[in-house]
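Coordinate analysis (summary)
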Amino acid sequence: MNRPAVVPVALLAACAAVAADPGAPPEKAEERFMNVLALKGIPADDLVPAMQFISASLGVDCDFCHVDRKPEADDKKKKLVAREMIELQRSINRNFNGHVVVTCMTCHRGSTRPEAVPPVADGSAPPAQPPAPAALPEVTAVLDAYVKAVGGKEAMAAVASRVQTGKLTGFGPEPFPVEIHAKAPNKRISIVKTPRGENITAFDGSSGWLGGGQRPAKDMGPGESRAASLDADLDFPADVRERFKEVRVVAPETIDGKPATHLVARNEGEPPVELFFDPASGLLLRAKRYVETPLGRLPTEIDYADWRDAGGVKVPFRWTVARPSGRFTIQIEETRSNVPVDDAKFRKGA
């Protein structure tokens, strides 16, 4: 498993301490953080995702460039080089009308030193000629099969709330208890109980927030909030066509050795959401989404499994969330439908 990137404590504290003011212009990175030079002018909420993109692209933790507990310091030469590399990336992308085509990952591929010499031939047989592509299914057929597989629109509409309990594994040898409360149409809170306190991820119906432990609750950035809204949609199988302006079927991909129907869903000005379906069952196997950063896109991949009936609707009882920084799995042990859930539970800081 990839090791999670370690964000300096001072950097996390600075992020959590700022309360968003909806009426104010977006705060700039240099207004919230100290000694921001190469990324001056970007929204403050985009700075940490940009740092995470660098960490994932080079396969390093934050202390590769930063001094722990003093992230603003320029004591390490690697930080100065990183500023030069950011400007190099920008200068290259000016050839693509400013679109972020070339990124840190393009060259580094998870290493601190990019490979400059092509590999020699390894003597293996050349790849076989791929077969002619089969005709792709229609979007409507794929999404209709998804709705039918989970139980149909009427069954989904009959579920007003869902409460789940289970275990989270992937962060240490012991599993952590987790509980998830969801309420139609689009409220959801996930609470992971760790020895250091609760870790909360929530969507209150209009925006997402994070909290728990000793940190004050913090608003999600726009990209994270959009992703949280997808998880919070109790009727997501029926809502795909309403949530996205464009949905198309592209060439199938392979998941666990089997072909999967591949849909790409888009809204203007936002990164795509990719959906992968089992052609036999119609159920969702994987969702892949992205958070846009000033340096490139950070992916999150969620694999769904162990689909079971819960209140007349099939839902996954296991899902694995994978990011460049690591992965974890949630296994649900109990699901209850249509139990009372107070709206106050989803409010920030509740």
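For the structure given in this document, a descriptive report is provided here. Since we're looking at a predicted model, the values are computed, not measured.

If you tally the helices and strands in the protein chain, you get 9 helices and 13 strands. Over its C-alpha atoms, taken along the principal directions, the protein chain stretches across nearly 60 × 60 × 45 Å. Residue burial in the protein chain is summarised as follows: out of 350 residues, 42% are buried. Excluding contacts between residues fewer than 6 apart, the proportion of contacts in the protein chain whose partners are at least 24 apart in sequence is 45%. Summing over all exposed atoms, the protein chain offers an accessible surface of approximately 19,900 Å²; the carbon and sulfur share of this is 54%. Once the 46 positive and 46 negative side-chain charges of the protein chain are each reduced to a mean point, those two points are 2 Å apart.

Before going further, it helps to spend a moment on the nonpolar core. For soluble globular proteins, the rule of thumb is that nonpolar side chains tend to be buried together. Formed by 42 residues in total, the largest nonpolar core has its most connected members in F244, L263, L275, F277 and W319. For this core, the leading source of residues is helix α6 (residues 139–150), giving 7 residues. Residues within four places of L275 in sequence aside, it is in contact with F236, V240, T261, H262, L263, L284, R286 and A287. Core analysis: the next-biggest nonpolar cluster, separate from the first, contains 18 residues, A44, L47, M51 and F53 among them.

Here the focus is the pairing of strand β6 (residues 215–219). The pairing of strand β5 (residues 208–212) with β6 spans 3 bridges and is antiparallel. Bridge assignment links W209 to a residue of β6, and that residue is D219. Counting the residues between successive antiparallel strands, the hairpin from β5 to β6 contains 2 residues, one of them, G213, with a positive phi of roughly 65°.

Now for the side chain of E179. Here E179 lies in strand β2 (residues 176–183). Reaching out from E179, the side chain makes a polar contact with the side chain of H181 at a distance of 3.1 Å. When neighbours within four sequence positions are excluded, E179 is seen to be in contact with Q164, T165, I189, S190, I191, K193 and K345.

Before going further, it helps to examine the pattern of salt bridges. In total, this model carries 19 salt bridges according to the counting rule given. Here R32 ties to D45 by a salt bridge, and the two come within 3.2 Å at their closest N and O atoms. Of the two residues, R32 is situated in helix α2 (residues 29–32) and D45 in the loop between α2 and α3 (47–58); the sequence distance between them amounts to 13 residues. Between E292 and R297 there is a salt bridge whose closest N-O contact spans 3.3 Å. Exposure remark for R297: the relative accessible area of 36% places this residue in the partly exposed category. Taken together, the salt bridges that share partners define one network made up of R286, K288, E301 and D303.

Glancing now at the packing of aromatic side chains. Two measures describe an aromatic ring pair: the distance that separates the ring centres and the angle between the ring planes. Within this structure, the stated rule accounts for 2 aromatic pairs. Note on Y146 and F277: the rings are 5.0 Å apart at their centroids and 65° apart in plane angle, and the pair reads as edge-to-face. Of this pair, Y146 sits in helix α6 while F277 is found in strand β9 (residues 273–277), placing the two residues 131 residues apart along the sequence. Grouping residues by exposure puts Y146 and F277 together as buried. Taken together, a centroid distance of 5.7 Å and an interplanar angle of 40° make the contact between F171 and F328 tilted.

Attention now goes to the packing of α6 against helix α9 (residues 236–243). The contact between α6 and α9 brings their axes to 8 Å, and the two run at 155°. Put simply, α6 runs roughly antiparallel to α9. Every residue of α9 that contacts α6 at T140, L143, D144, Y146, V147 and V150 is listed here: F236, P237, A238, V240 and R241. Looking at side-chain class alone, the contact of α6 with α9 contains 8 nonpolar, 1 polar and 2 charged residues.

Rules used in this analysis
- Residues numbered from 1 in each chain as written.
- Predicted model: local features only at pLDDT ≥ 70, side-chain atom pairs only at ≥ 80, totals over all residues.
- Heavy atoms only, no water.
- Helix = DSSP H or I, 4+ residues; strand = E, 2+ residues; numbered from the N terminus.
- Buried < 20%, exposed > 50% of the residue type's maximum accessible area, 1.4 Å probe, protein only.
- Contact = heavy atoms within 4.5 Å.
- Areas by Shrake-Rupley, 256 points an atom, 1.4 Å probe, with all protein chains shown as cover.
- Lys, Arg positive; Asp, Glu negative; His and termini not counted.
- Charge placed at Lys NZ, Arg CZ, Asp CG, Glu CD.
- Core = buried A, V, L, I, M, F, W, Y, C linked by side-chain atoms within 4.5 Å.
- Pairing = 2+ DSSP bridges.
- Polar contact = N/O pair within 3.5 Å; in protein donor to acceptor, adjacent residues only side chain to side chain.
- Salt bridge = Lys/Arg side-chain N within 4 Å of Asp/Glu carboxyl O.
- Phe/Tyr/Trp six-rings, centres within 6.5 Å; stacked < 30°, edge-to-face > 60°.
- Axes fitted to C-alpha atoms, helices over the stretch in contact; angles between N-to-C directions.
- Parallel < 35°, antiparallel > 145°, perpendicular 65-115°, else oblique.
- Nonpolar A, V, L, I, M, F, W, Y, C, P; charged D, E, K, R; others polar.

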